[in-house]
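Descriptive structure summary
Residues per chain are reported as follows:
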Amino acid sequence: MSHSPASHTGPMHPTRRMEPMDDRQQLENYFATVDEAQLRLKATKPSDSRLRVAAKRLVPMDRRSQARMAVTNAVRPLERRKAARIEATTPRLRLHLGSGGEHKEGWINVDCVGDPVELAWNLAHGIPFGDASAEAIFHEHLFEHIPLRAGVGLMDECFRVLKPGGILRVGVPDAGALIRSYVGDGEYVDALHPGRPTGLIAVQELFYWHEHVTMFDDETLAMVFRAGGFPDPVRRKYGDTDLEWVPDTDTRASQTLYMEARKPLG
Ligand SMILES: C[S@@+](CC[C@H](N)C(=O)[O-])C[C@H]1O[C@@H](n2cnc3c(N)ncnc32)[C@H](O)[C@@H]1O
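Residues numbered from 1 in each chain as written. Predicted model: local features only at pLDDT ≥ 70, side-chain atom pairs only at ≥ 80, totals over all residues. Heavy atoms only, no water.

**What about the packing of aromatic side chains?**
So the rule is basically this: Here a Phe, Tyr or Trp ring, Trp counted by its six-membered ring, pairs with any other such ring whose centre lies within 6.5 Å, and the pair is stacked when the planes are under 30 degrees apart, edge-to-face when over 60, and tilted otherwise. The helix and strand labels rest on DSSP assignments: H or I over at least four residues marks a helix, E over at least two residues marks a strand, and numbering proceeds from the N terminus. Only protein chains enter the accessibility calculation, which uses a 1.4 Å probe; a residue is then buried when its area is under 20% of its type maximum, exposed when over 50%, and partly exposed in between. Whether a charge sits over a ring comes down to the Lys NZ or Arg CZ being within 6 Å of the ring centre and within 35 degrees of the ring normal.
Under the counting rule described, the total for this entry stands at 6 aromatic pairs. When the centroid spacing of 6.1 Å and the interplanar angle of 55° are considered together, the rings of Trp107 and Phe138 count as tilted. Taken together, the residues Trp107 in the loop between strand S1 (93-97) and strand S2 (108-111) and Phe138 in strand S4 (residues 134-140) connect sequence positions 31 residues apart. You'll find Trp107 and Phe138 in the same group, each marked buried. Pairwise contacts between aromatic rings join Phe159, Phe225 and Phe230 into one cluster. Above the ring of Phe159, the side-chain terminus of Lys263 is found at 4.6 Å from the ring centroid.

**Comments concerning the sheet that holds strand S6 (residues 234-236)**
For the record, the criterion: Pairing between two strands requires that DSSP report at least two bridges joining them.
A sheet is described by the order of its strands in space; here 7 strands give the open sequence S3-S2-S1-S4-S5-S7-S6, paired in mixed fashion. This sheet does not close on itself; its edge strands, each paired only once, are strand S3 (119-120) and S6. Here strand S5 (residues 162-173) pairs with strand S7 (residues 256-262) via 7 bridges, running antiparallel. Within S7, the residue paired with Arg169 across the bridge is Glu260.

**Quick look at the site of the ligand**
Inclusion rule: Any residue with a heavy atom lying within 4 Å of a molecule or strand is counted as near it. Polar contact is defined as a pair of N or O atoms within 3.5 Å, subject to the rule that within protein one atom must be able to donate a hydrogen and the other to accept it, and that residues adjacent in sequence are counted only when both atoms are side-chain atoms. Values of accessible area rely on a 1.4 Å probe in the Shrake-Rupley scheme; residue burial ignores everything except the protein chains shown. Residue polarity follows a fixed list, in which Ala, Val, Leu, Ile, Met, Phe, Trp, Tyr, Cys and Pro are nonpolar, Asp, Glu, Lys and Arg are charged, and the others, Gly among them, are polar. Residue ranges assigned to each domain were obtained from an automatic or database domain assignment.
As a structural note, the neighbourhood of the ligand is formed by 18 residues, with Arg68, Gly98, Asp111, Leu123 and Glu140 the closest of them. One nitrogen or oxygen atom from the main chain of Leu123 is found 2.8 Å from a nitrogen atom belonging to the ligand. At 2.9 Å from an oxygen atom of the ligand is found a side-chain nitrogen or oxygen belonging to Arg252. Here the ligand loses 83% of its free accessible area of 590 Å² to cover by the protein chains. Its residues assigned to classes, the shell around the ligand shows 6 nonpolar, 6 polar and 6 charged. Split by domain, the residues of the shell around the ligand number at least three in each of domain 1 (43-91 + 106-129) and domain 2 (135-266).

**Quick look at the nonpolar core**
Selection criterion: Working definition of a nonpolar core: buried Ala, Val, Leu, Ile, Met, Phe, Trp, Tyr and Cys residues. They are joined through side-chain atoms within 4.5 Å.
With 34 residues, the main nonpolar core has Leu95, Leu97 and Phe129 as its most contacted residues. When contributions to this core are tallied by element, the ones reaching two or more residues are helix H4 (76-89), S1, S2, S4, helix H5 (148-161), S5, helix H9 (218-227) and S7. Looking at this core, you find at least three residues from each of domain 1 (43-91 + 106-129) and domain 2 (135-266). Of all hydrophobic cores here, the second largest spans 8 residues; its members include Leu178, Tyr182, Leu206 and Met215.

Fair warning: the whole summary comes from geometry, so function is off the table for now.
What follows is the structure, given as C-alpha cells:
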C-alpha cells in the first residue's frame, strides 16, 4: 500500500521531497546510498591496528563486533596487569573511554582490541583502575552503545574511579534536539541527515543504526549523572569545559550534547 503525502501524520518537510521521482525510486536511491555508507563504515581505517585489518578481511561483517569483544575479553588478565602499571606510573590519570579511532594525546585511551588504545578493555567489566585514581574521565559517543541499565553501572564506575573534585565529561548524540527539530521546522534534521526521503527516516537512523541502543536528551543524561552520584551535572557547549585540555572531537561538534560534572569533595 502506498501512502500519499496526505496520509503522513508527522510533520512534512517539503524541501526533502524530490518530485517528480516516484516514492519507490526515492526509496531505492536511499537504499543505494545506505549500502555505500555501510561499506565505507566497515572498510579498514587508518587508525586500525594490523590485527584489526586482518580481522576485517577474515571475519564476516555481522560477526565483527562480537569477535572483537571476545578477543578483548580473552586478553583481560593481561590488560588488568597493564592497567595496574599505568596507574602506578601515571601521576595525573585521565581516562578516555570508548575512544575508538579518536586517540587523544595526554589521555589513557580505552576501547576494544583493534583500536589505537593504551588499554584494550570491555567496559562491561567496569573500569580497571583503583578508587579515586583519576583526575578526569571523558567519553564521547560511547553511552548510546550501552544499554541504559549498564550505562548507570558505568556511571557508578566513573564516580568510584574519579578523585574528589575530578571531572566527568560525557558527549552523546543529541536525540532531544533531533526530535524537537522533527516536530518543528526540520532544519536540524536536514542539516545532520540531508536528502533522506522523509524526516522520520532521518530520525530513525540515529535510533536504529550504528548499534545504538540508548538515546539521550538533557533530562535523561542529567538523571543518569545524578543517579551515579554527581549532584550537579551541567550541559556544556562543544569546547566549553572546566578540563585543562579540551578533549572534544571537532567532527562531533554539531551532533553532540555535552554534559559535565565534578565529583563532590566531601
Ligand atoms: C561510535 S564509537 C565512538 C568512538 C569515539 N569516541 C568517537 O567519538 O569517534 C563507539 C565506541 O565505543 C566502543 N565501545 C562500545 N561498547 C564498549 C564496551 N563495552 N567496552 C569498550 N568499548 C566499547 C566501541 O568499540 C566504539 O569504538
